[in-house]
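The lines below spell out each chain.
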Amino acid sequence: MLVVDTQWFWASVIALFGLLIGSFLNVVVYRLPKMLERQWADECAEMSGTAPAAVEPFNLMLPRSRCPHCGHVIAWYENIPVLSYVALRGRCAACKAPISLRYPVVELATSAVFFWCAWQWGPSASGLAWCTFSAALLTLALIDWDTTLLPDDLTLPLLWLGLIAAALRWTPVGLNAALWGAVAGYLSLWLVYWAFKLATGKEGMGYGDFKLFAALGAWFGWQALIPIILLASVIGAVVGIAMKFTTGLREGGYVPFGPFLAGAGFAALFLGPDALRRAAGL
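We now turn to the structure provided with this report. If you're wondering where the values come from, they're calculated on a predicted model, not measured in any experiment. (Residues numbered from 1 in each chain as written. Predicted model: local features only at pLDDT ≥ 70, side-chain atom pairs only at ≥ 80, totals over all residues. Heavy atoms only, no water.)

Two numbers describe how helix α3 (residues 102–121) lies on helix α4 (residues 125–147): the axes approach to 9 Å, and their chain directions differ by 155°. Classed by the angle they form, the pair α3 and α4 counts as roughly antiparallel. Between α3 and α4 lies a crossing of right-handed hand. Between α3 and α4, the contacting residues are Arg-102, Val-106, Thr-110, Val-113, Phe-114, Cys-117 and Trp-121 on the first element and Ser-126, Gly-127, Trp-130, Cys-131, Ser-134, Ala-135, Leu-138, Leu-142 and Asp-146 on the second. (Axes fitted to C-alpha atoms, helices over the stretch in contact; angles between N-to-C directions. Helix = DSSP H or I, 4+ residues; strand = E, 2+ residues; numbered from the N terminus. Parallel < 35°, antiparallel > 145°, perpendicular 65-115°, else oblique. Left-handed = near helix turned anticlockwise from the far one by under 90°. Contact = heavy atoms within 4.5 Å.)

Pasting the structure below:
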């Protein structure tokens, strides 16, 4: 009789689900910033007393995904995570224009993180919470890298979910530590922002960074904030210097900090906050 290891079974099932979620995250990364731009344009038009421009619906569901080069509507069988990319050899079925490798990479990365979470916590509320955390964190990192935006639509729910998960004991962080982690995370970067602005007259980071750091404090507790910010700063400095020497910096020499906060958040997830504190000598 075939004996199925339940841990492997559930981890594999959730990893397959992660492929589908990864495909959806690609949509969110591309569309959410554009949706926010439309919303801001409509709000500006209303404030100026003019009617918003009439445009076709654009949200996470409509219109259907299309090739950005030729407008070819992507059929369902061309949108199967990873497999369709391989079958199409990374090119549009109609015009043969190349499809970004990032699409299958995001799908595989999401699947791998979901597998890890399922392996650690199984099909439980804790496993679901950490899968949600991982999906949101990956999405925020990619959006910030592309647009230098950290949308409130993602940072604030991530913050509240961290507090709720702590209250329901879905995470090992007590509610008290999660609450003060959120407070300390926000205030610490807020103080750095104003100190830098008063000293230089420039803005060194955006408010989205405060909210993301607050969310990480809610998920990992106030004790993890120092090693997380140290790790994010070191990684950010290394990447920034490398991009400067390779002329990879965008206009203005700005490197978004959110992706490095997210990377440190994933390090805290995989290694544990205690390991980060020991590595930082705390």
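Scanning the entire structure with this criterion turns up 20 aromatic pairs. Plain terms: the ring middles of Phe-115 and Trp-119 are 6.0 Å apart, the flat faces sit at 15° to each other, and that makes the pair stacked. In this pair, Phe-115 and Trp-119 are both assigned in helix α3, 4 residues apart and thus about one turn of the helix distant. Accessibility expressed as a relative area gives 24% for Phe-115, which makes it partly exposed. With a centroid separation of 5.4 Å and 65° between ring planes, the pair formed by Tyr-193 and Tyr-207 is classed as edge-to-face. One end of the pair, Tyr-193, is in helix α6 (residues 175–200); the other, Tyr-207, is in helix α7 (residues 207–220), and 14 residues separate them in sequence. According to the relative accessible area criterion, Tyr-193 is buried, its value standing at 3%. Ring pairing ties together the aromatic residues Trp-116, Trp-121, Trp-130, Phe-133, Trp-219, Phe-220, Phe-266 and Phe-270, which thus form one cluster. One residue, Arg-31, lies across the ring of Phe-58, its end atom 5.4 Å from the ring centre. (Phe/Tyr/Trp six-rings, centres within 6.5 Å; stacked < 30°, edge-to-face > 60°. Buried < 20%, exposed > 50% of the residue type's maximum accessible area, 1.4 Å probe, protein only. Lys NZ or Arg CZ within 6 Å of the ring centre and 35° of its normal.)

Moving on, we get to α7. Across its 14 residues, α7 extends 20 Å between first and last C-alpha, which sits within 8% of the 20 Å expected from 1.5 Å per residue. Judged by how many residues are buried, α7 sits mostly within the fold: 13 of 14 residues are covered. (Expected span 1.5 Å × (residues − 1).)

Moving on: the environment of Tyr-103. Positionally, Tyr-103 belongs in helix α3. Sequence spacing of Tyr-103 and Cys-44 is 59 residues, and the spatial spacing of their C-alpha atoms is 33 Å.

Turning our eyes to something else, we now look at the pattern of salt bridges. Counted by the stated rule, this structure contains 2 salt bridges. When the shortest N-O distance is used, the salt bridge between Asp-146 and Arg-102 registers 2.6 Å. One end of the pair, Asp-146, is in helix α4; the other, Arg-102, is in helix α3, with 44 residues separating them in the sequence. Residue class for Arg-102 comes out partly exposed when judged on its relative accessible area of 32%. In this structure, Asp-152 and Lys-211 form a salt bridge, with 2.8 Å as the shortest nitrogen-oxygen distance. (Salt bridge = Lys/Arg side-chain N within 4 Å of Asp/Glu carboxyl O.)

Here the structure, examined in full by the defined rule, presents 0 disulfides. Left unpaired, Cys-117 is separated from the closest cysteine sulfur, that of Cys-131, by 4.4 Å. On the accessibility criterion, Cys-117 (0% relative accessible area) is buried. (Disulfide = S-S within 2.5 Å.)

Turning our eyes to something else, we now look at unusual backbone geometry. In this structure, the amide linkage connecting Leu-62 to the following residue, Pro-63, adopts the cis form with an omega of -10°. Looking at the secondary structure, you find Pro-63 in the loop between α1 (6–47) and α2 (83–87). The phi dihedral of Val-82 is positive, around 65°, even though this residue is not glycine. Position of Val-82 relative to the elements: it lies in the loop between α1 and α2. Residue classification places Val-82 among the buried residues on the basis of a relative accessible area of 18%.

Nothing here speaks to function; it is geometry throughout.
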